[in-house]
Amino acid sequence: MKLISSSLRQIKIPQVKLNSLRSKFILSFIVLSIVPMILLAFFSYRIYLGILQSNVQSYSSEVLDRVERNMGIYLSDLERVLDLRNDYYNVQFIKLSLAGDIEGNTKFTSRLWENLNSYKQLKTDLRDVAITTLDGVTVSCYGVFHTDVSQNELFQTLINRTAKEDTLAIWGPHPDWLGGRVFTVGKAIRGDYDNFLGIMSIDVDVELLDQICKNIHLGKTGYVMLVDDSGQIIYHPKPEMVGKSLSFLIGKPTFKEWKQGFDTMLGPGNQVITVKTFTPANWEIIGLSNKVELTGEMQKITSLSLIIIFGTIAALTLVAVFLAGLLTKPLKELQHSMGQASENLNTNVEIRTNDEIGQLGDSFNQMLRRIRELMEQSLLEQKKLRRTEMIALQEQIKPHFIYNTLDLIIGLLETNKNEEVINMVEALGAFFRISLSHGQEFISIREEAEHVRNYLYIQRFRHGDKYDYTIDIQEEILDNKTLKLILQPLVENAIYHGVQELEGPGGLIIIKGYSMDGQVHFEVIDNGKGMSQTLVAEINCCLRGVSTVESGKKFFGLHNVHERIGLAFGKEYGVTIESKLDVGTTVMINLPLMGTQNDFATNFHSI
């Protein structure tokens, strides 16, 4: 033990880092080796203790069964006596007594008194045998007297039973009229029509309980006692405990929670309590054993198990530390080489062994070479692809508006409307200034709104009062970034395929912008002719990529806006359209909510 303690002190456990492979290996080795052993020792102890307790329970059950059986046999003898309650003399006496025929009843009283005394002589423990009528007239071995049946618990129990419940009833223990302690058993006496006439009862001296239980022992110091249904001790090896509450003895305030039948539990101190219900009397037969007597043999096993466990833990810890150092050294060298490679992809791992770790290092070197090749290829392809697609899509958007606007300016010049020309050129200049945006693909929502406002100004000037428009964008999102030139193509469609097709004025285009659930939502709403659901489904299929080349050309503006959003932010964002014929159309855009200094745009342009 001294050698093990010295070795454990030499292990610098506080220096072990739990995030290292070596410490995890040590911990895993210890857990996988020691935990099963501890569990085996624990469960072996529990199983052995369980078997021992089961044997004690079995023995206690047999003892309590013997007490219950002896009491049951005695009550069976008394029940045979009580079965004589329907004797001719008994019934005639009760009938005449209830009828008030005192003279006619005299000849039955003497014979009845003789019968009761003969019953009493059958067992030495019987104190009295009596017949009690419904009106309280009692004939016992000691004479005839009147009984207050309302105070007699046995009488009240039997009178409340039906004729089918012809079973034995028990009352007590209680003092008899001579002051002795008895418990009373009885049965109901019924007439020809099962009508209740009275009861026959037998008083039994409680000394009987001492005769049944006094020679019963549980171990060296255990014993058996009886408790009535109110929790009062009616028998105990120590006479001074009789009459006291059960909680006074075992500290349990109630035993009603004990299940009917047989139960075993641990009591206060070193008590093992065994309980069995004596059903005829609703008494509890309780056996008390000493827990120390049960577990004394387990102390040696426990001490030996602890010595083996702690000795094994110390030995396994030393073995785990040695093996961890031996096995993790090549891994630490590989880790160091990989750390250098994380800073410089041109670094190669030095191969020292031909085992799995050496193979891992060789595979890592191959991976580094492939990564370098793929990075160079990806940088070139991504830069070329992004720039080409974005420029091509924007160039497809611009011609639509340019042609129409130039035609409008030429018309104004021809009619000498110079002031309108100046306003139109200013609006067009602002429109193109935002369109160009110094080559930036992302502008503020405020600029996008100004851009579409200039567009609508020019278009409405061209189309007259056929339609009106409103722009309603939340103030909170105006400084956030967005992909530029995404609203103008949608507004253009709302004009040419929506309000322009109305027969008269009254057209309205509404542009909304708001944020919700971490996204920015735009809606372009018009009250134009609308579209059929078949056409709406075709457009949405085209936007989701389920389309033909002809569909892509047919819905040019919507398709290109949706493609640009998908390239910039991902396929989960884009354009959706809803429409009802002769009601109007709503085109919706959802984008990620970006800040005023958007990192996504910076990263996008750096490719």
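Everything here concerns the structure above.
Rules behind the numbers
- Throughout this description, residue numbers start from 1 for each chain and increase along the sequence as written.
- Local features in a predicted model are, by the rule used here, given only for residues with pLDDT of at least 70; side-chain atom pairs are given and counted only at 80 or more, and totals for whole chains, interfaces and linings are based on all residues.
- Hydrogens and water are ignored here; the side-chain numbers use all heavy atoms of the structure.
- Secondary structure elements are defined from DSSP: runs of H or I of at least 4 residues count as helices, runs of E of at least 2 residues count as strands, and each element is numbered from the N terminus.
- Whether a residue is buried, partly exposed or exposed follows from its accessible area with a 1.4 Å probe, protein chains only, as a fraction of its type maximum: under 20%, in between, or over 50%, in that order.
- Note on definitions: a residue-residue contact is assigned when non-hydrogen atoms from the two residues lie within 4.5 Å.
- Methods summary: accessible areas were calculated by the Shrake-Rupley approach with a probe of 1.4 Å, and residue burial reflects only the protein chains presented.
- Between any two strands, pairing holds if DSSP finds at least two bridges.
- Axis definition: a line fit to C-alpha positions, over the contact stretch in the case of helices; interaxial angles, taken between N-to-C directions, run 0 to 180 degrees.
- Under the convention used throughout, the expected extent of a helix is 1.5 Å for every residue step, that is, one less than its residue count.
- An angle counts as roughly parallel when it lies under 35 degrees, as roughly antiparallel when it exceeds 145, as roughly perpendicular when it falls between 65 and 115, and as oblique in every other case.
- With the far helix as reference, a near helix turned anticlockwise by less than a right angle produces a left-handed crossing, and one turned clockwise produces a right-handed crossing.
- Any residue outside Ala, Val, Leu, Ile, Met, Phe, Trp, Tyr, Cys, Pro, Asp, Glu, Lys and Arg is labelled polar, Gly included; the first ten of those are nonpolar and the last four are charged.
- Two cysteine sulfurs form a disulfide in these notes if their separation is within 2.5 Å.
- Stacked, edge-to-face and tilted are the three classes for Phe, Tyr and Trp ring pairs, Trp counted by its six-membered ring, which pair at centre distances within 6.5 Å; planes under 30 degrees apart are stacked, over 60 edge-to-face, the rest tilted.
- Any carboxyl oxygen of Asp or Glu within 4 Å of a side-chain nitrogen of Lys or Arg constitutes a salt bridge here.
- Each patch groups residues whose relative accessible area exceeds 30% and which form no salt bridge, using 9 Å between like charges and 5 Å between nonpolar side chains of Val, Leu, Ile, Met, Phe, Trp and Tyr.

## Focus: the overall build of the protein chain
Per the secondary structure count, the protein chain includes 17 helices and 18 strands. The buried share of the protein chain, taken over its 607 residues, is 42%. Taking the contacts inside the protein chain whose residues are at least 6 apart along the sequence as the reference set, 61% of them involve residues at least 24 apart. Of the roughly 33,900 Å² of accessible surface on the protein chain, a fraction of 56% belongs to carbon and sulfur atoms.

## Quick notes on the sheet that holds strand 18 (residues 584–592)
Pairing in this open sheet of five strands is mixed, and the strands run 13-15-16-18-17 from one edge to the other. A single partner strand is all that each edge strand has here, and the edge strands are strand 13 (467–473) and strand 17 (574–580). Sheet twist, expressed as the mean angle between neighbouring strand axes with direction ignored, is 15°. Pairing of strand 17 with strand 18, which is carried by seven bridges, proceeds in the antiparallel orientation. Each residue of the ladder has a partner; that of I577, found in strand 18, is V587. On the sheet, helix 13 (residues 488–496) packs against strand 13, strand 15 (507–516), strand 16 (519–526) and strand 18 and is oriented at approximately 20° with respect to strand 16.

## Considering the pairing of strand 18
Burial within strand 18 is extensive, with eight of its nine residues counted as buried. As paired strands, strand 16 and strand 18 are joined by eight bridges and run antiparallel to one another. Its bridge partner being in strand 18, Q519 is matched across the sheet by P592. Two successive antiparallel strands, strand 17 and strand 18, enclose a turn made up of three residues, where D582 displays a positive phi of approximately 65°.

## Examining the sheet that holds strand 5 (residues 181–190)
Neighbouring strands of a sheet are bound in pairs by backbone hydrogen bonds; such pairs are parallel or else antiparallel. If you trace the six strands from one edge of the open sheet to the other, you get 3-2-1-6-5-4, paired in antiparallel fashion. Since the sheet does not close on itself, it has two edges, and those belong to strand 3 (143–146) and strand 4 (169–175), each with one partner. Pairwise comparison of adjacent strand axes, ignoring direction, gives a mean angle of 25° for this sheet. In this structure, strand 4 lies alongside strand 5, joined through five bridges in antiparallel fashion. Bridging across to strand 5, H174 finds its partner in V182. Its contacts with the sheet place helix 3 (residues 88–99) against strand 1 (126–133), strand 2 (137–140), strand 5 and strand 6 (196–205), and it is angled at close to 50° to strand 1.

## What about helix 12 (residues 445–463)?
The α-helix advances 3.6 residues per turn, and as a result positions three or four apart in sequence lie on the same side. Taking 1.5 Å of rise per residue, 19 residues should cover 27 Å, and helix 12 covers 26 Å from first to last C-alpha, within 8% of that figure. Within helix 12 the residues assigned to the buried category are I445, E448, A449, H451, V452, N454, Y455, L456, I458, Q459 and H463. The positive-phi residue at the C-terminal boundary of helix 12 is G464, with phi of around 80°.

## Section: the packing of helix 12 against helix 13
Two numbers describe how helix 12 lies on helix 13: the axes approach to 10 Å, and their chain directions differ by 25°. In terms of their interaxial angle, helix 12 and helix 13 are classed as roughly parallel. Of the two elements, helix 12 crosses helix 13, and the hand of that crossing is right-handed. For the pair formed by helix 12 and helix 13, the contact residues are E448, H451, V452, Y455, L456, Q459, R462 and H463 on the first element and Q488, V491, E492, I495 and Y496 on the second. When its residues are assigned to classes, the contact of helix 12 with helix 13 shows six nonpolar, four polar and three charged.

## Overview of the state of the cysteines
Evaluated as defined, the whole model comprises zero disulfides. With no disulfide partner, C541 has as its closest neighbouring cysteine sulfur the one in C542, 8.8 Å distant. Residue C541 is classed as partly exposed on the basis of its relative accessible area, which comes to 37%.

## Here we look at the packing of aromatic side chains
Across all of its chains, the model carries six aromatic pairs by this definition. Ring geometry for Y457 against F461: centres 6.4 Å apart, planes inclined by 45°, an arrangement best described as tilted. Residue Y457 and its partner F461 are both found in helix 12; the two are separated by four residues, about one turn of the helix. Classification of F461 as partly exposed rests on a relative accessible area of 30%. Seen in terms of ring centroids, F569 and Y573 are 6.4 Å apart; in terms of plane orientation they differ by 75°. Their pairing is edge-to-face. For the residue pair F569 and Y573, the accessibility class agrees, reading buried in each case. Ring-pair connections join several aromatic residues into one group, and the members of that group are F183, F278 and W283.

## Here we look at the pattern of salt bridges
Opposite charge on two side chains allows them to pair when their charged atoms are near. Under the definition given, this model contains 16 salt bridges. Of the charged contacts, one joins D166 and R85 as a salt bridge, the two residues approaching to 2.8 Å between their closest N and O atoms. Highlighted residues: D166 in the loop between helix 5 (153–159) and strand 4 and R85 in the loop between helix 2 (21–82) and helix 3, separated in sequence by 81 residues. Residues R127 and D205 are paired through a salt bridge, measuring 3.4 Å at the closest nitrogen-oxygen approach. Note that R127 is positioned in strand 1 and D205 in strand 6, a separation of 78 residues in sequence.

## Focus on the environment of M225
Considering the arrangement of structural elements, one finds M225 in strand 7 (residues 223–227). Separated by 12 residues in sequence, M225 and C213 have C-alpha atoms that sit 7.4 Å apart. Among residues more than four places away in sequence, those in contact with M225 are I233, Y235, H236, L246, L249, E284, I285, I286 and L288.

## Some remarks on the environment of F569
As for its placement among the helices and strands, F569 is situated in helix 16 (residues 556–569). Look at F569 and you get buried, because its relative accessible area is 10%.

## Things to note about a nonpolar patch on the surface
Together, L27, V31, V35, L39, F42, F43, I47 and I51 make up a nonpolar patch on the protein surface, roughly 720 Å² of accessible area in all. The residue L39 is located in helix 2 in this model. Residue L39 is classed as partly exposed on the basis of its relative accessible area, which comes to 42%.

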